[in-house]
Amino acid sequence: DFYGNTYAHCVVSGNGYITFDTTVASTGSPWVINAAIPNPGVQPENAIMAPWQDINTGVTGSIYYGTTGAAPNRMFTVTWCAIAMFSCTQDLHTSQVVIHEGSNKIEMFIQDKPLCITWNAGAGIQGLVDATSTNADIVNDPTLLLPRNFPLTWTATNEGWEFLPDPTMTSYTINQITYVPIIAGAATWTDNTGAIIGTGPSITVNPANTTTYYCSVTGD
C-alpha cells in the first residue's frame, strides 16, 4: 500500500526513483529538475525518490532488483549501484530502496550521493509523492536543516531513512535510521563441495541430510 492504494507492480527509473504508474514503462525518464515536488501533472508522480537526480547508467553502474522473504512479509529491493552522475561521470552514486509488504514501511539507504553542481544546478530530490501530487513527504537534510527538495543542493554518505505510513495513509513519518551497507550483484549458490547449484536471489533445494549451502555475490 502506498498512500492508501494497493499495487502489485512498479517501474524502476534509471534516474533514481520507483513509480507505481506503470503507464510510463518503456518511456523516457525525466531528468530536468526545475521545480519542487509535489508538481501536479509532471513526472515523477506516485513515486519513491531515492533520490531523483540525473544519473547515467550508459557510462557505468547497474540497477538490481528482486523480491525476498515469504508472503505476507516479503521485501522488494531496488539498488542503483555505482552509477555515474550525469556530466560529472567520475562521481558515482549508490542507493537502495526496500519496500516492506505488510507493514508498508519503506527504507532508503544512501551510500554515496555526490553533487554535480554543473548539471541541473546540482538538483536532487529525496522523498515520496502520491499519484496526484496532492501529498508529498520530503526528507529534511540533517545538516542543512532544509527539505531535500528543489532548489536545495546537498550530498549524503552512508545514510539510512525509514518512511512509516500514518493511519490515514495520506502521509508518512520520516526517521533517520542506522545505515546498512549496500550489497548488490549477481548471486551464485554452491554446496559444501564448491559445486554451483544455482544462481539468482533464491534457490530451491531438497537435501536428504543436514547440508550447508553458500551464496556469493559478485558486484558492487
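### Brief notes about the nonpolar core
Ile48 and Val97 are the most contacted members of the largest nonpolar core, which has 24 residues in total. For this core, the elements supplying multiple residues, two or more each, are β3 (47-52), β6 (75-85), β7 (92-100), β8 (106-113) and β11 (156-165). Sort the elements by how many residues they give to this core and β6 lands first, with five residues. If you look at the next biggest cluster of nonpolar residues, it comprises 10 residues, including Ile33, Ile37, Val129 and Ile138.

### Here we look at the state of the cysteines
Taken as a whole and judged by the stated rule, the model has one disulfide. Two residues, Cys88 and Cys116, share a disulfide whose sulfurs are 2.1 Å apart. Judged by the sign of its S-S torsion, about 75°, the cystine formed by Cys88 and Cys116 is right-handed. On the criterion of sequence distance, the pair formed by Cys88 in the loop between β6 and β7 and Cys116 in the loop between β8 and β9 (125-129) is long-range, its members being 28 residues apart. By the burial criterion, Cys88 is buried, and Cys116 matches it. Among the cysteines around Cys81, which has no disulfide bond, Cys215 carries the closest sulfur, lying 15 Å off.

### Examining empty space enclosed by the protein
All chains considered together, the criterion is met by one cavity of 30 Å³ or more. Size it by volume and the largest cavity reaches roughly 70 Å³. As for the largest cavity, its lining consists of Gln53, Asp54, Met85, Phe86, Lys113, Pro114, Cys116, Trp119, Asn120, Gly122 and Ala123. Classifying every residue of the lining of the largest cavity by side-chain character gives six nonpolar, three polar and two charged.

### Some details on the packing of aromatic side chains
Taken as a whole and assessed by the stated rule, the structure comprises 10 aromatic pairs. When the centroid spacing of 6.1 Å and the interplanar angle of 40° are considered together, the rings of Phe2 and Tyr172 count as tilted. Of this pair, Phe2 sits in the segment before β1 (11-12) while Tyr172 sits in strand β12 (residues 172-177), and the two are 170 residues apart along the sequence. For the ring pair Tyr17 and Trp52, a centre distance of 6.4 Å and an interplane angle of 85° mean the geometry is edge-to-face. Linking Tyr17 in strand β2 (residues 17-19) with Trp52 in strand β3, this pair joins segments that are 35 residues apart in sequence. Here the aromatic residues Phe2, Tyr3, Tyr7, Phe20 and Tyr172 are joined through ring pairs into a cluster of three or more. Taking NZ or CZ as reference, Lys113 lies 4.6 Å from the ring centre of Trp154, over its face.

### A look at the side chain of Glu162
Tracing the chain through its elements places Glu162 in strand β11. Here Glu162 occupies a buried position and makes no salt bridge, while the nearest side chain of opposite charge, Lys105, is found at 4.3 Å. Setting aside anything within four residues of it in sequence, one finds Glu162 in contact with Lys105, Ile106, Glu107, Thr173, Ile174, Asn175 and Ile177.

### Details of the sheet that holds strand β10 (residues 136-138)
Spatially, five strands are ordered β1-β2-β3-β9-β10 in an open sheet, and the strand pairing comes out antiparallel. Either end of the sheet is taken by a strand with one partner, and the two such strands are β1 and β10. Of the pairings in the sheet, the one linking β2 to β3 comprises three bridges and is antiparallel in character. In the sheet register, Ile18 faces β3, and the bridge partner there is Ile48.

### Here's the deal with the pairing of strand β13 (residues 185-191)
The pairing of β13 with strand β14 (residues 196-199) spans three bridges and is classified as antiparallel. Opposite Thr188, over in β14, you have Thr199 as the bridge partner.

Conventions and cut-offs
Residues numbered from 1 in each chain as written. Predicted model: local features only at pLDDT ≥ 70, side-chain atom pairs only at ≥ 80, totals over all residues. Heavy atoms only, no water. Core = buried A, V, L, I, M, F, W, Y, C linked by side-chain atoms within 4.5 Å. Buried < 20%, exposed > 50% of the residue type's maximum accessible area, 1.4 Å probe, protein only. Helix = DSSP H or I, 4+ residues; strand = E, 2+ residues; numbered from the N terminus. Disulfide = S-S within 2.5 Å. 1 Å grid on protein atoms, 1.4 Å probe; cavity = no way out; pocket = protein on both sides within 12 Å on 5 of 7 lines; lining within 4 Å. Points joined across faces, edges and corners; volume = space filled by probe spheres on them. Nonpolar A, V, L, I, M, F, W, Y, C, P; charged D, E, K, R; others polar. Phe/Tyr/Trp six-rings, centres within 6.5 Å; stacked < 30°, edge-to-face > 60°. Lys NZ or Arg CZ within 6 Å of the ring centre and 35° of its normal. Lys, Arg positive; Asp, Glu negative; His and termini not counted. Salt bridge = Lys/Arg side-chain N within 4 Å of Asp/Glu carboxyl O. Contact = heavy atoms within 4.5 Å. Pairing = 2+ DSSP bridges.

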